[in-house]
Structures are given as C-alpha cells and as structure tokens.
Amino acid sequence: MNWRSALHLSLAAALAGTVVAVAQTPAPLPAAIAEPQDRPYPGVIRLAVDASDVTRHIFRVQETIPVESGALTLLYPKWGPGSHGPIGRIDSLAGLVIRADGQRVEWSRDTVDVYAFHLTVPVGARNLDVEFQFLSATDDNQGRIVTTPDLLNLQWLSLVLYPAGHFARQIAVEPSVRLPDGWEFATALEVASTAGATTTFKQVSLEVLVDSPMFAGRHAKRVDLDPSGPVPVRLNVFADRADLLETKPEHLDAHRRLVTQAYRLFNSRHYDHYDFLLALSDRMSGIGLEHHRSSENGTVPTFFTQWDNNPDTRELLPHEFAHSWNGKFRRPADLWTPNFNVPMRDSLLWVYEGQTQYWGYVLAARSGLVTAEQARDQLAYTAAIFQHRAGREWKSLQDTTNDPIIASRRPIPWRSWQRSEDYYQEGELMWLDADTLIREASNGQKSLDDFARAFFGVDDGQWITPKTYTLDDVVAALNAVHPHDWAAFLRARLDRHDGPPLDGLARGGYALTYTDTPTDYFKKAETRRKIADFTFSLGFVVGRENKLADVLWNGRAQQAGLTIGTQLIAVNGEAYDKDRLVAMIKAAATDTAPLEFIVKIGNRYSTVRIDYHDGLRYPRLIRHTDIPARLDAILAPRQ
Ligand SMILES: [Zn+2]
C-alpha cells in the first residue's frame, strides 16, 4: 500500500467513527505519483550546470530529458542521502521553463507533493528542454552559503529534475559544469572532456551523480594520501586564501595514517578512488557529508595554519571517511530508498552515525590527528554533556533518530531538554560500552574491531550497490564476535530513561570527574567557538554579545530564571567579563553570598541571584589503576 491510499483509509476510518450532522466529503487527493521501478529509463539525460555566477550565488541549470509523448512527472529531490531527512530546497528552485521542439510545455505542481511537476509531452516530441535556477542562500539565515567569490560547493541533489517511476540507479545522466575562469575543482566524477571553463563528465547513474558532489575554487591544493595503495586516495583542499593551503609534512602524514588505519580496521575499501573534498573557509558554510567515493568537509580556515588551536575539528575527516564503509556501503534497510523522493526512515542511525562517530573518534587518535590525551579529554566532555542531558527523562535515544525528519537541523532553543540527534555522541558512548565489554569478556582477545572487519569488510572493492542490514543482522554480527544478549544490551541503552551509557569509561579504566581547571582541549574549543562554557557549574554557555547561547534545562541558571538570549551585563557589581566570572565562581566556593547578576532580556534589566557555591567544574578523565587501560588500547594505532 502506498502512503496516499493509507491516508485515504485512515480518513475513511476516522469519518466512520464520527457522528456528522451535515454530510461533508473531503476533497479527493491528487492521483498517486508513479512509484519507482527497477527498470532503465530510456536514453541519457544531459545536465548542464552553469556555476560561474558565484557572487550572486545563482546556479543555472539546463537539462535535456529524452521522452515519449504522454503524461510525465518530474521530481525535484526531497530526501538527502547522508542528511537522513527531507532537506531538498524546493523553495530555492525558480525560473522553471520546459520546452519541446522550441514550444513551451506548461507544467503544474502537485498540490500535495510540491516537489513533483506534472506535464504532458506533446505528440512527436523526443526531448524536453528544461531550464531553471537554483537560487542558493545569499545569507546564512536562508540556509548554507555554498558559493563565495573564491570557492563553491556544488551538490547535484539541488540541481536536477528527474522522471518519476524509475530507480535512481536506472537513470543515466551526462553532467557538465561551467566554473568561473581559472578555478580548479575536485569530485569523484571522472572527466570526459573540457572546453574552456566547462567540464563534461563521463556518464553515470543519477544515484552516483548525487553521490558525487564538487568543491571548486581559486585557491586549491591536491595531495596524494596513499601513493602506494591499491587505489588513489586524494586530499583536495580549497581555501579562502592561498596562504591557508600551507601544510606541514607531519599534518599530511597524520592524514596518510588515517587511510592506513582505516584499512587495518575495515580490511576492505568500497571505492575505486576516493577524494576528500576539504574547504577551509569562514565564508562558505561548514559541512560534513559522506559519499561512497568522496566526502564534503568544510571547516575552519586555519585548519592547517594554526593546527595546534583546532584539535576539536580533526575528527571530521575520519568520521566522513569511515562512512564510506558504515553508511554508504553498509546501510540500514529502512534508510535505503530507490530514489530521492521516497521517504527515508532513520531507526538505525545509532549504527550508521553512532558507530561512525565512534570510529571517527578512534581513527583520529590511531592516526595521530589528535593525541591520546586530546582523545581522552574529548571523551570526558562528551560523557559530561550526556550526564547533564535532562531530555532523556522523556525522549529515548531511539527517539532521537527521528530528529533529522522532525527538525532538519533547524536551530532549537533547549538542546538539553529537546535533545537533537543524540544518536551521534551518545551512540559513541554506547559503542565504547560494547567495545570494552567484548574486550573485558574475551580477555583482550576480541574487540569491536572484529565486528567492523566482519560487518563492513566484506565484498572488498564493491561499491555500486549498498549492502543493507537490519537490527537482527547487527545483533548476529556482534554475537559472532562475542556471544552475549546483544539485543537486550542494545535495547536497554536505546530505550531507557535513566543515566547515560558510561560503563564503557569505567571498563576502559577511567572515571569521569570534574575539576576547577579545564583541559587544554576544552579551553581551545571554547576559544575557537568564541564561547565561555559554564555548563557544568552555573548551567549556561555565554556566546556573542555576552548573551546566553545555551542554558541547561533544570540547571542553576534556569532555576534562577535565566533563559536563552539573556544578556549578561554585570556580576557582583562589575561589568561581565569571562575571566572575572571565573574568579567570582572560584571565590563563591568559600563564601555564602549568592552571585548577583544584572541581566538584560529584551529591553528589560533585572537582577538575578544564583546561590551557587560548588566552584568551577570542568570534565576530565582520571585513570582507575585497578582496571586495565582498555581505552588506551582502543586509541593506540593498529600495527
Ligand atoms: Zn556522519
């Protein structure tokens, strides 16, 4: 049954139980759109994108679609692979004009599914000429900024209309792109020919096309990360300025070790070449998006040039790389869809994203992108966040897998109460729990590495068709590594409302504690993010203009009446300043007087007292010497 007939039935059922005074019939819904079939679409779609208008952020699209006469529905992609939600920006499509043999063909938009355009192909027409623009955001309050005068991020998902009724892998496309003069580009697509600033790529399926985005720019650098490996793995760097491309050999070596360590972990590869697309920019919006043969990574401009300041940004590439195995090649059965307009279901994102978060964390340490100490400090921070996540009381970890569909990453006010996609980081804690359990029970003979090798390391070299799995498959693969009641283990952690899964820390030989000095990792993350983080003491984070960027649900600040957006004006009679507040919290630990804040909410000033005397609290791990240091073993490079 498709969802429209289900809707009809539920309406009928609802009406059947209702006493209706006046006969009333709901207007019928539009006819169902053809469901995708696994059969080839005849002919090859030519898709030409002019991406040269970067200052106005406009992409101009011309498509030639082979057709037969009669009814046709064209779809604009709605569901984004890797985004796990309905993120297609149909609101940014404009200027849609369709012609056949020079004559205009009128279209009408489906009134229920506004991503679908219905039309009738005139008798005798062999092709449709389709043109439209994708008007990408000109300001970050409209969405991601994807073009700047110096670089761009082209995503085919936003730049194509395709015929309904076929699997995406059955629709052939020949794409071409025109870039600003003199720009370089990188993509997993393979070049067929170039003419001036226009590059035409070899024909691919629509599925591969959408999985093969492009970064391009004025300032670019390409590094071979695996010169002696089985297939090429390249790091393609684009930046706001040429000087930001400067790299030190030891930083590139760490990225080379990332490839080696990933191969030792997964014992396979699921691509015939791999391209990291990396943008170092504070003008193009950040991104982390996985693909089979590439990944989109957007991070701080000083990623290489101020390496020591940015340890918290270095897990991005390991995470996206691990996705080539976990997420792209192995994919939850309910998440895989035959085209980009069939709804995705996210029930297993705690494997897809949660375990990738774990492997990204582990691989960053094993490759030396972060030190073991930085990795431990980061884990302390993650564990502390979840120790303070009040939202678990009402929303299970399992329910957070629906968040990409519920919120599509719109900003939310009460993060600790609403929760948001917690399957990433709480998933990481859960998989550490599983890893240390296996290591403890097998006396160090087995580990989650064995699961990775067995689950992801199959069909080496295969990448065209994702190999899907269910929860039962995950449980069976864990059982094959180490027999245990894994179904109960996982369900307990996914469904429970009590404390976060911190057993992995204890079994790893560490305990979470709070001290009055932040770790170096914590301090650097605070500086980089331009925040003052008092989450674990007063229960707030101070951001731009001294406004509270986050307030912990049920924390001391919230209990005192402070809220998101409250501006801190003064503390104990002195103008607010981070270092001053730090000193006052320290002093209040041996004092009985409350901290007195003058705050501004809107145009109202008020005085708020917080009777807090527990001092500064910053998370860190301390070694539990009577338990083997299993965490250290997990983070050590594989030989
Ligand atoms: Zn991810």
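Here the structure is shown first, and the text comes after it.
Criteria and cut-off values
Numbers given to residues run from 1 along each chain, matching the order in which its sequence is written. The predicted origin of the model limits local features to residues at a pLDDT of at least 70 and limits the giving and counting of side-chain atom pairs to 80 or more, whereas totals for whole chains, interfaces and linings rest on all residues. The side-chain values count all of the structure's non-hydrogen atoms but skip hydrogen atoms and water molecules. Relative accessibility under 20% of the residue-type maximum defines a buried residue, over 50% an exposed one, and the middle range a partly exposed one, all with a 1.4 Å probe and only protein chains included. Secondary structure elements are defined from DSSP: runs of H or I of at least 4 residues count as helices, runs of E of at least 2 residues count as strands, and each element is numbered from the N terminus. Working note: the arc is built from the helix axis to C-beta atom directions. What makes two residues a contact is simply this: any of their non-hydrogen atoms within 4.5 Å. Here a polar contact is taken to be a pair of N or O atoms separated by no more than 3.5 Å, where protein atoms must pair a possible hydrogen donor with a possible acceptor and residues adjacent in sequence count only if both atoms sit in side chains. One bridge is not enough; two strands pair if DSSP finds at least two bridges between them. Here an angle of 0 to 180 degrees is reported between the N-to-C directions of two axes, which are lines fitted to C-alpha atoms, with helices fitted over the stretch in contact. A pair of aromatic rings is counted whenever rings of Phe, Tyr or Trp (Trp by its six-membered ring) have centres within 6.5 Å, and the orientation is called stacked for planes under 30 degrees apart, edge-to-face for over 60 and tilted otherwise. We count a charge as sitting over a ring when the NZ of a lysine or the CZ of an arginine lies within 6 Å of the ring centre and within 35 degrees of the ring normal. Only buried residues count toward a nonpolar core, which is a set of Ala, Val, Leu, Ile, Met, Phe, Trp, Tyr and Cys residues joined through side-chain atoms within 4.5 Å. In this analysis a donor is any N, O or S atom within 2.8 Å of a metal ion (3.2 Å for sodium, potassium and calcium), and since water is not included, sites may seem incomplete.

Caption draft 1: Expanded view of helix α12 (residues 448–456). Where α12 is concerned, the buried positions are Leu448, Asp449, Phe451, Ala452, Phe455 and Phe456. For α12, the angular spread of buried residues about the axis comes to 155°, placing them on one side. Next to the buried residues of α12 lie α3 (249–266), β22 (330–332), α6 (354–366), α11 (425–441), β23 (467–469) and α13 (471–481). Where α12 begins, one side-chain oxygen reaches toward the backbone nitrogen of Asp449, 3.1 Å away; that side chain belongs to Ser447.

Caption draft 2: Structural view of the side chain of His323. Turning to its location among the elements, His323 is positioned in the loop between α4 (316–322) and β22. At 3.1 Å, the side chain of His323 forms a polar contact with the side chain of His319. In contact with His323, not counting residues within four places along its chain, are Glu290, Lys328, Phe329, Tyr352, Glu353 and Thr356.

Caption draft 3: Quick look at unusual backbone geometry. Residue Arg409 is not a glycine yet carries a positive backbone phi of 65°. Following the sequence through the fold, Arg409 ends up in the loop between α9 (403–407) and α10 (415–418). Since its relative accessible area comes to 59%, Arg409 is described here as exposed. Of note, Asn554 is a non-glycine position whose phi angle comes to about 70°, a positive value. The residue Asn554 is located in the loop between β27 (548–551) and α17 (556–559) in this model. Given a relative accessible area of 45%, Asn554 falls into the partly exposed group.

Caption draft 4: Up close: the sheet that holds strand β9 (residues 151–154). Read across the sheet, 3 strands follow the order β9-β16-β12 without closing on themselves; strand pairing throughout is antiparallel. At either margin of the open sheet sits one strand with a lone partner, and together these are β9 and β12 (184–187). Along the sheet, successive strands turn relative to each other by an average axial angle of 15°, direction set aside. As judged from the 4 bridges shared by β12 and strand β16 (residues 214–217), these two strands associate in the antiparallel manner. In the strand pairing of β16, Thr187 is matched with Met214.

Caption draft 5: Focus on the packing of aromatic side chains. Overall, the coordinates contain 38 aromatic pairs when judged by the stated rule. An angle of 70° between the planes, with centres 5.7 Å apart, marks the rings of Phe303 and Trp307 as edge-to-face. Residue Phe303 is classed as buried on the basis of its relative accessible area of 1%. Between Arg623 and the ring centre of Tyr510, over which it is positioned, the NZ or CZ distance is 5.7 Å.

Caption draft 6: Region of the structure containing the nonpolar core. Residues Trp431, Phe534 and Phe540 are the most contacted members of the largest nonpolar core, which totals 116 residues. With 8 residues, the single largest contributor to this core is α3. Ignoring any residue separated from it by four or fewer positions in sequence, one finds Trp431 in contact with Trp350, Val351, Gly354, Gln355, Tyr358, Leu448, Val474, Leu478 and Leu490. Counting 58 residues, the second largest nonpolar core, distinct from the first, contains Ala116, Leu154, Ala164 and Ile171.

Caption draft 7: Structural view of the coordination of the zinc ion. His319 (NE2), His323 (NE2) and Glu353 (OE) make up the full set of protein donors to the zinc ion, lying at 2.0 to 2.1 Å. For the zinc ion, the donor residues sit on a single chain with the sequence spacing H-x3-H-x29-E. In this pair, His319 sits in helix α4 while Glu353 sits in the loop between α5 (349–352) and α6, placing the two residues 34 residues apart along the sequence. Residue classification places His319 among the buried residues on the basis of a relative accessible area of 7%. Note on Glu353: relative accessible area 1%, which makes it buried.

Caption draft 8: Summary view of the sheet that holds strand β25 (residues 532–534). Across the sheet, 3 strands lie side by side as β25-β26-β27; this open sheet has antiparallel pairing. In the strand order of this sheet, the two ends are held by β25 and β27, each with one partner. Taken pair by pair, the neighbouring strands of this sheet meet at an average axis angle of 10°, ignoring direction. As defined by bridge partners, β25 adjoins strand β26 (residues 540–542) across 3 bridges and the pair is classed as antiparallel. Counted as the bridge partner of Asp533 is Val541 from β26. Its contacts with the sheet place helix α18 (residues 578–588) against β25 and β26, and it is angled at close to 20° to β25.

Caption draft 9: Structural detail: the side chain of His57. If you trace the backbone, His57 turns up in the loop between β1 (44–53) and β2 (58–66). Note on His57: relative accessible area 13%, which makes it buried. Dropping the residues within four chain positions of it, His57 is found in contact with Phe134, Leu135, Ser136, Ala137, Thr138, Ile145 and Thr147.

Caption draft 10: Broad picture of helix α16 (residues 520–528). Listed in full, the buried residues belonging to α16 are Tyr521, Phe522, Ala525 and Glu526. Projection of α16 onto a plane perpendicular to its axis shows the buried side chains occupying an angular sector of 135°, all on one side. Here the buried face of α16 lies against α7 (372–387), β25, α18 and β32 (618–623). Trailing α16 by a residue or two, Lys530 shows a phi angle of about 55°, which is positive.

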